[in-house]
Every structure is written in structure tokens, then in C-alpha cells.
Amino acid sequence: MRKEQHHKGWNEKKTNDSWAIFKIMGEFVNGFEKMSQIGPCVSIFGSARTKPDHKYYKLAESVAKSICEAGYGVITGGGPGIMEAGNKGAHLAGGTSVGLNIELPFEQHDNPYIDSDKSLDFDYFFVRKVMFVKYSQGFVVMPGGFGTLDELFEAITLIQTNKIGKFPIILVGTDFWSGLMDWIKSTMLDKFSNVSPGDLDLIHLVDTEDEVVTILDAFYKESGLSPNF
């Protein structure tokens, strides 16, 4: 049952904001301490609503399994759907399976395939996103909703503005992503020149787990593995 909302006055908000700083700091410290002990990983994003019998759940599981067999670990948002599939594939491959869970009023709960010592809980989306970006060596983006798009464009923006190092962003599912990529190229790039051609160089559109691993391996033969910023 949802808690009844309490509308706070201005003074109460200011007081709570001051104390929230310590909670935010605590989430950063705990996240940095735990994530710094984990080796090179690839983040898998996608919808929490995808069911286990869906083709993209099964594909995400296969992608994660192949990623771990190639020597990387897997980081997901720790919840159900595509996130669960990613952790499940990593678990079945005997690889590193990390879950960065977020407290939400619906959809989100820890899935059972996260390594027991690699499950982190967050109240703040922005702290959680820092962990994804700082400790991921690549993004694999499965079909999803607004949250998935938020994570995708956050990564692209940080790379575009040189706030983090370059790493591959792999969109899986041409039937889902083709329309978005066509719009970015025809409207944002060609018609309005709001992005540069080079901004799209690290975005790959694929359909199979083998393509994902090939792109990751090719990229890291030329680049070192290190945390961002």
C-alpha cells in the first residue's frame, strides 16, 4: 500500500535537504567501496516489464552468458524483466552478476540471480547512474521504456561531452531501435545538425549475442580497461 503523501512546507524541505546530503554521501561511499572490488563489467539495460517467455528476455539471457564467457562481468539494474535475464545469464555462465537495485513504488524488486555480495540498493537514481557509468566498460541496451532511454542518452551525452571515456554502446534489436536511429540520423543530424556524425560512431545496432561480444572484444583490443572519472 502506498504511503499517504505529506505536502511539506518550505522550511521542512530545506531541513530535510540538509540531512539528505548525508544519505546521498552514504550511498556514494558504499557504492564506490563495493564496485571498486569488481572487475571489468558490461551494463545491460532494458525493460522491467519483459516476461521470461519473451524473445528479448531469452536474448538478453544469452547475451549476458556470452559476455561472461568472454571474460567480462554483467551489471544490471537488479530488478525483473531484462534485468533479471541479464543476471540470470551471468549466473548460469558462472560469471560476475551485479545488481544495482532502486527503490520504486512499482515494478522493482531484487531478482534471485545477483551474486549475494554484489547486490546494492539505492534510493537516488542519480547515485545509481554514477555507479553504472563509472564501473561499466560498455552498455548493452535491450528494448525498454523511458528508464532505458534515460540510461542510453545519459551514456551518449557523457561520451559526447568528454566527461567519461569512450566505450561501445550496443543497441540489441533492430526491430525496436531502427526507428529511433533513423530519426536521430535524418532529423537530429541531417536536418537540424544538432549532433555531429562522430557522436554516433560508438553506437552499434545488432541482433545477436555473437555480434555483441565481437564489438566488445574489437573495442578493447585497442583500448585499456579502467573505471571512468
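Residues numbered from 1 in each chain as written. Predicted model: local features only at pLDDT ≥ 70, side-chain atom pairs only at ≥ 80, totals over all residues. Heavy atoms only, no water.

Student: So, the pairing of strand β1 (residues 41-45): which residues are in play, and what are the values?
Tutor: Of all the five residues making up β1, five are buried; the element is thus mostly covered by neighbouring parts of the structure. With burial as the criterion, each face of β1 is covered, one bearing Cys41, Ser43 and Phe45 and the other bearing Val42 and Ile44. Of the pairings in the sheet, the one linking β1 to strand β2 (residues 73-76) comprises three bridges and is parallel in character. What sits directly across from Val42, in β2, is Val74. Crossover connection from β1 via helix α2 (residues 55-69) to parallel β2: handedness right-handed. With four bridges joining them, β1 and strand β5 (residues 136-141) adopt parallel strand pairing. What sits directly across from Ile44, in β5, is Val140. (Buried < 20%, exposed > 50% of the residue type's maximum accessible area, 1.4 Å probe, protein only. Helix = DSSP H or I, 4+ residues; strand = E, 2+ residues; numbered from the N terminus. Pairing = 2+ DSSP bridges. Right-handed = clockwise from strand over helix to strand, strands pointing away.)

Student: Describe the packing of aromatic side chains, and please don't skip the residues or the numbers.
Tutor: Summed over all chains, the structure comprises eleven aromatic pairs. Arranged with centres 6.4 Å apart and planes meeting at 55°, the rings of Phe28 and Phe126 form a pair that is tilted. Remark: Phe126 occurs in helix α4 (residues 125-135) and Phe28 occurs in helix α1 (residues 10-35); sequence separation between them is 98 residues. An aromatic cluster of at least three residues, connected via ring pairs, comprises Phe28, Phe32, Tyr124, Phe126 and Tyr135. (Phe/Tyr/Trp six-rings, centres within 6.5 Å; stacked < 30°, edge-to-face > 60°.)

Student: So, the packing of α2 against helix α7 (residues 209-222): which residues are in play, and what are the values?
Tutor: Each packed pair of helices is defined by two parameters, the angle between the axes and the distance between the axes. Interaxial distance between α2 and α7 falls to 9 Å at its minimum, and their mutual angle equals 35°. Classified by chirality, the crossing of α7 by α2 is right-handed. Contacts between α2 and α7 involve Leu59, Ser62, Val63, Ser66 and Ile67 from the first element and Glu209, Val212, Val213 and Leu216 from the second. Residue classes in the contact of α2 with α7 are distributed as six nonpolar, two polar and one charged. (Axes fitted to C-alpha atoms, helices over the stretch in contact; angles between N-to-C directions. Left-handed = near helix turned anticlockwise from the far one by under 90°. Contact = heavy atoms within 4.5 Å. Nonpolar A, V, L, I, M, F, W, Y, C, P; charged D, E, K, R; others polar.)

This is a description of form; function is not addressed.
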